[in-house]
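Examination of the molecular architecture
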Amino acid sequence: MPTSSSKSFFTKLAFSVAYLLTLPQAFTQTAPTKLAQHLHTLAPMIDGKLAYETVAVLQKYWRHAGNQDFNLCMDYLASKLRAGGYVEGDPRFRLIVKDTLLEKEKAWQPFEAELRLVAPRDTLLHSLASAKMTLCINSHATPPRGVIGEIVFVDTLANIAPASLQGKIAYTHASPQRYFESAVVQGGALGLLSSYLPAYNRAAEHPASISMSAIPYRDTPRAFGFKLSYGSQMLLDTLLQQGPVRAQVKVLAQFSPKLVREVIAEIVGDEKPEEKIMLLAHVDEPAANDNASGSGTLVEMALALREAMHSGKIAPPGRTVRMMWLEEITAVLRWQKSAPHAFEQVKAAFALDMVGEDVSKTGGTFLLEKFPDPSAIWTRPPEAHTEWGKGNVSVEQVRGNYLNDLVLAACELRARQTPWAVKMNPYEGGSDHVPFVNAGIPAVLAWHFTDVYYHTSGDELDKVSPLEMANVGISLSAAALLLADCHDAEAREVLRWLEHRAAWRMENESNNSREALRGAQDQSSALREEEKILRAWEKWYHEAFASVTTLPVAKPAEALLQAVKKAQRGLNKLADKNLQLLRK
């Protein structure tokens, strides 16, 4: 009769086998088995409900790094982690709450704001209570009764003479940053109104949307900035054509020393605790998807990982899994500067940013933004850049690594169990993965784009999907666990998966090259360019295969090293064959 522990082992093994049998045969032959096992274990433990509850709380606050609302949200996250078993000083499940005072910086906290037309008629245009994005970051408080001024439309910087807007309120269709210096500092305006909305927010289709903006921080003049919806723009433009328009502005806001709180939950590794797998979500940004969804998803992931290990469903890792809730990008840069040796011990990083979108409402697609590969330089089907735009990547920055394809495997495994569209985009930057990428540390971004509600007042709880957050949480948790506790056997399976992906990539790029050559007038020059691209991908996967040797927690065995060399030789032959066919 089996013992309880062996019974548990065989039960989990049976479940894992049953799970794998539900997947297409070709996929299961290449996808790492341990990845599938982790997905199966975590799927019942991460359903998105806790993440959604967290989003519902965080999205009520105007989370500007270091302000009152930001730090209150950090306290809330810490309380959820404590309740889930993370404790300060615990040798396994460690909680760290850390404050950093940035003496030269200011934290901005809005409380109330109102923009009201008083002539030719009394109309409340916008208020902070109904649309958080309407008040520009760094707006100063007005006197308690507010200020009243005539609204003056400014369409070119050349039309603003010194002191020409004294006592008036400037209004533009352009971004407030573009006009603030000329209209307020030089022109003397009380403040600035802007109806600017990026094209991807589709103003005409969403006339109530107001996009988030900032004005430059200045001690003086004590000015304000308001953002208008497209609907308000149409009203105001019409009224201005008919005659003078006056408005009353009331703002209650304060600046304070910037005390930035960070929350860190660690699952401390047994063998190499100094080596870390990072999972990050920034808490600043005041909306629901951006980035309360990333923060909430990471909380649910943290509690599920702790429970899975505490209950014995998943073995403790060899490396430390470090989860951080922080100020976007700059907190990572501060950590890199203050503890460079610890930063260099990061083996891989996952950034969670806008991961919870209900794609049926937002128009956004779930994306894995890749660690820079040749597609960041030569972007060809099926990949494409988002409306965020192409990142600044040089050929010298491109270094092959296992991470992109490994995380894709986790997401595709999940997508085969539940309806979930998964795509990848070339590296663009703009979130918490950037400092790691710039340091040469493999990092990916999980996000959604293009989203019509991005950085607008429309990014609210009703646009958030618990299932989407669950899908992301399960997939990234499984990938992080594999990296945190990888041995030679798992590394060999990752290598086989990379060989599968390399074969697909070489075929895909060869097809792209043949298509490019068909339409080329200068065949010789075009062929040289296509050979360059194919060789770049060969180099990428040659290095990606080699990176597999960094996966095992212990020193890689000779058998793994030989397997890598064999895979590299096979890749070289495949690339040569594709190039020969291309030249015919």
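The structure reproduced in this document is the subject of the present report. (Residues numbered from 1 in each chain as written. Predicted model: local features only at pLDDT ≥ 70, side-chain atom pairs only at ≥ 80, totals over all residues. Heavy atoms only, no water.)

1. Comments concerning the overall build of the chain
Let me state the cut-off plainly: A run of H or I in DSSP becomes a helix once it reaches four residues, and a run of E becomes a strand once it reaches two; helices and strands are each numbered from the N terminus. As defined in this context, the radius of gyration uses C-alpha atoms, and a globule is described by 2.2 Å times the residue total to the power 0.38. Think of it in three bands: with a 1.4 Å probe and only protein chains considered, a residue is buried below 20% of the maximum accessible area for its type, exposed above 50%, and partly exposed in between. By the convention used here, residues are in contact when the closest approach between their heavy atoms is within 4.5 Å. Positive residues here are Lys and Arg, negative ones are Asp and Glu, while His and the chain termini are left out of the count. Working definition for charges: the position is that of NZ of Lys, CZ of Arg, CG of Asp or CD of Glu.
The helix and strand inventory of the chain stands at 17 helices and 13 strands. For 584 residues, the compact-globule estimate of 2.2 N^0.38 gives 25 Å, and the C-alpha radius of gyration of the chain, at 27 Å, lies within 12% of that figure. The principal-axis extent of the C-alpha atoms belonging to the chain is close to 85 × 70 × 40 Å. In the chain, buried positions account for 56% of the 584 residues. Put simply, 80% of the contacts in the chain that link residues at least 6 apart link residues at least 24 apart. Taken together, the 63 basic and 65 acidic charged side chains of the chain have centroids lying 3 Å from each other.

2. Some words on the packing of helix α8 (residues 292-310) against helix α14 (residues 466-484)
To be explicit about the condition: In this description, a line fitted to the C-alpha atoms serves as the axis of each element, helices being fitted only across the stretch in contact, and the angle between N-to-C directions of two axes falls anywhere from 0 to 180 degrees. When an angle is under 35 degrees it counts as roughly parallel; over 145 it counts as roughly antiparallel; between 65 and 115 it counts as roughly perpendicular; any other value is oblique. Crossings are classed by handedness, with left-handed meaning an anticlockwise turn of the near helix from the far one by less than a right angle and right-handed meaning a clockwise turn.
Two elements in contact, α8 and α14, have axes separated by 9 Å at closest approach and are oriented at 50°. As judged from the angle between their axes, α8 and α14 are oblique. Between α8 and α14 lies a crossing whose hand is right-handed. When α8 is examined against α14, the residues Ser293, Thr297, Met301, Leu305 and Met309 are found in contact with a partner set consisting of Met469, Gly473, Leu476, Ser477 and Leu481.

3. Observations concerning the environment of Gln580
In this structure, Gln580 sits in helix α17 (residues 558-583). On the accessibility criterion, Gln580 (48% relative accessible area) is partly exposed. Between the C-alpha atom of Gln580 and that of Val245, which follows or precedes it by 335 residues, the distance is 72 Å.

4. Some remarks on the packing of aromatic side chains
To describe a pair of aromatic rings, you give the distance between the ring centres and the angle between the ring planes. Rules: The aromatic pairing rule takes the rings of Phe, Tyr and Trp, using the six-membered ring of Trp, and pairs them if the centres are within 6.5 Å, calling planes under 30 degrees apart stacked, those over 60 edge-to-face and the rest tilted. Sitting over a ring, as applied to charges here, requires NZ of Lys or CZ of Arg to be within 6 Å of the ring centre and within 35 degrees of the ring normal.
What the rule picks out here adds up to 17 aromatic pairs. Against the face of Trp335 rests Arg322, its NZ or CZ located 5.1 Å from the ring centre. One Lys or Arg, Arg501, reaches over the ring of Trp504 and ends 4.8 Å from the middle of that ring.

5. What to know about the nonpolar core
Heads up, the rule is: Side-chain atoms within 4.5 Å are what join buried Ala, Val, Leu, Ile, Met, Phe, Trp, Tyr and Cys residues into a set we call a nonpolar core.
Tyr86, Met323, Trp325, Phe350, Tyr402 and Phe436 are the most contacted members of the largest nonpolar core, which has 126 residues in total. Among the elements that make up this core, the one with the highest residue count is α14 (twelve residues). Ignoring sequence-local partners within four residues, the contact set of Trp325 consists of Met74, Leu77, Leu81, Glu262, Val263, Ala265, Ala281, Val283, Ser295, Leu298, Val299 and Ala302. Val147, Ile210, Leu228 and Leu239 belong to the second largest nonpolar core, which has 29 residues in total.

6. Quick word on helix α12 (residues 403-415)
The test is simple: In a helix, the anticipated span is given by 1.5 Å times the number of residues less one.
An ideal rise of 1.5 Å per residue puts 18 Å on 13 residues; α12 measures up with 18 Å between its terminal C-alpha atoms. Within the span of α12, buried status applies to Leu403, Asn404, Asp405, Leu406, Val407, Leu408, Ala409, Ala410, Cys411, Leu413 and Arg414.

7. Side note on the packing of helix α15 (residues 488-518) against helix α16 (residues 523-547)
Cut-off, in case you're wondering: For this classification, Asp, Glu, Lys and Arg are treated as charged, while Ala, Val, Leu, Ile, Met, Phe, Trp, Tyr, Cys and Pro are nonpolar and the rest, including Gly, are polar.
At a minimum axis separation of 10 Å, α15 and α16 run at an interaxial angle of 170°. Viewed along their axes, α15 and α16 adopt a mutual orientation that is roughly antiparallel. Contact residues: Leu495, Leu498, Glu499, Arg501, Ala502, Arg505, Met506, Glu509, Ser510, Ser513, Ala516 and Leu517 in α15; Gln523, Ala526, Leu527, Glu530, Ile533, Leu534, Trp537, Glu538, Tyr541, Ala544 and Phe545 in α16. Class assignment of the residues belonging to the contact of α15 with α16 gives a composition of 14 nonpolar, three polar and six charged.

8. Some thoughts on unusual backbone geometry
Across the junction of Asp290 and Asn291, the peptide omega takes the value -10°, indicating a cis bond. By the element assignment, Asn291 lies in the loop between β8 (272-282) and α8. Cis peptide bonds are those with omega within 30 degrees of zero, and the linkage from Pro381 to Pro382 qualifies with 5°. Inspection of the secondary structure assignment puts Pro382 in the loop between β11 (365-369) and α12. Of note, the phi angle at Ala163 is positive, near 65°, even though the residue is not glycine. On the secondary structure map, Ala163 appears in the loop between β3 (147-153) and β4 (169-172). One non-glycine residue, Met354, lies in the positive phi region at around 55°. Turning to its location among the elements, Met354 is positioned in the loop between β10 (346-352) and α11 (359-362). Assessed through its relative accessible area of 3%, Met354 is described here as buried.

9. Some words on the state of the cysteines
Where we set the bar: Only a pair of cysteine sulfur atoms within 2.5 Å counts as a disulfide in this structure description.
Considering all chains together, one arrives at zero disulfides under this definition. With no disulfide of its own, Cys411 lies 18 Å from the sulfur of Cys486, the closest cysteine sulfur. For Cys411, a relative accessible area of 1% puts it in the buried group.

10. Let's talk about the environment of Glu328
With respect to the helices, strands and loops of the structure, Glu328 is situated in the loop between β9 (319-326) and α9 (330-338). Once the C-alpha coordinates of Glu328 and Asn404 are considered, the two residues, 76 residues apart in sequence, prove to be 22 Å apart. Beyond its immediate stretch of four places on either side in the chain, Glu328 contacts His282, Asp284, Glu285, Asp353, Gly430, Ser431 and Asp432.

11. Describing the side chain of Arg380
Let me state the cut-off plainly: In protein, a polar contact means a hydrogen-donor-capable atom and an acceptor-capable atom, both N or O and within 3.5 Å, with residues adjacent in sequence counting only if both atoms are side-chain atoms; elsewhere, any N or O pair within 3.5 Å suffices.
One can find Arg380 in the loop between β11 and α12. Side-chain polar atoms of Arg380 contact the side chain of Glu509, separated by 3.0 Å.

12. A closer look at the side chain of Arg414
Rule in force here: Only one rule defines a salt bridge in this text: a Lys or Arg side-chain nitrogen within 4 Å of an Asp or Glu carboxyl oxygen.
Looking at where Arg414 falls in the secondary structure, it is placed in helix α12. No salt bridge is formed by the buried Arg414, whose closest oppositely charged neighbour, Glu468, lies at an N-O distance of 9.3 Å.

13. A few points about a positive patch on the surface
How we decide: Patch building starts from residues that exceed 30% relative accessible area and form no salt bridge, then joins like charges within 9 Å and nonpolar side chains (Val, Leu, Ile, Met, Phe, Trp, Tyr) within 5 Å. All accessible-area figures derive from a Shrake-Rupley calculation using a 1.4 Å probe, and residue coverage is judged against the displayed protein chains alone.
Taken together, the side chains of Arg492, Arg496, Lys565, Lys566, Arg569 and Lys573 make up a positively charged region of the molecular surface. Of all the elements in the fold, those that place two or more residues in the positive patch are α15 and α17. Looking at the positive patch, the element that brings in the most residues is α17, giving four residues. Here Lys565 shows up in helix α17. Residue classification places Lys565 among the partly exposed positions, given a relative accessible area of 43%.

14. What to know about the environment of Gly364
In this fold, Gly364 is placed in the loop between α11 and β11. A residue is classified by how much of its surface remains accessible, and Gly364, at 4% relative accessible area, is buried. Each residue touching Gly364, except ones within four places of it in the same chain, is listed here: Glu357, Val359, His448, Phe449, Thr450 and Asp451.

15. A few points about the pairing of β11
Going by this rule: In short, DSSP must find at least two bridges between two strands for them to pair.
Most of β11 is tucked away: four of the five residues are buried. Here β11 runs beside strand β13 (residues 443-449); their pairing, made up of five bridges, is antiparallel. Its bridge partner being in β13, Phe366 is matched across the sheet by His448. Sheet analysis places β11 next to strand β12 (residues 423-425), joined by three bridges and oriented parallel. What sits directly across from Leu367, in β12, is Lys423.

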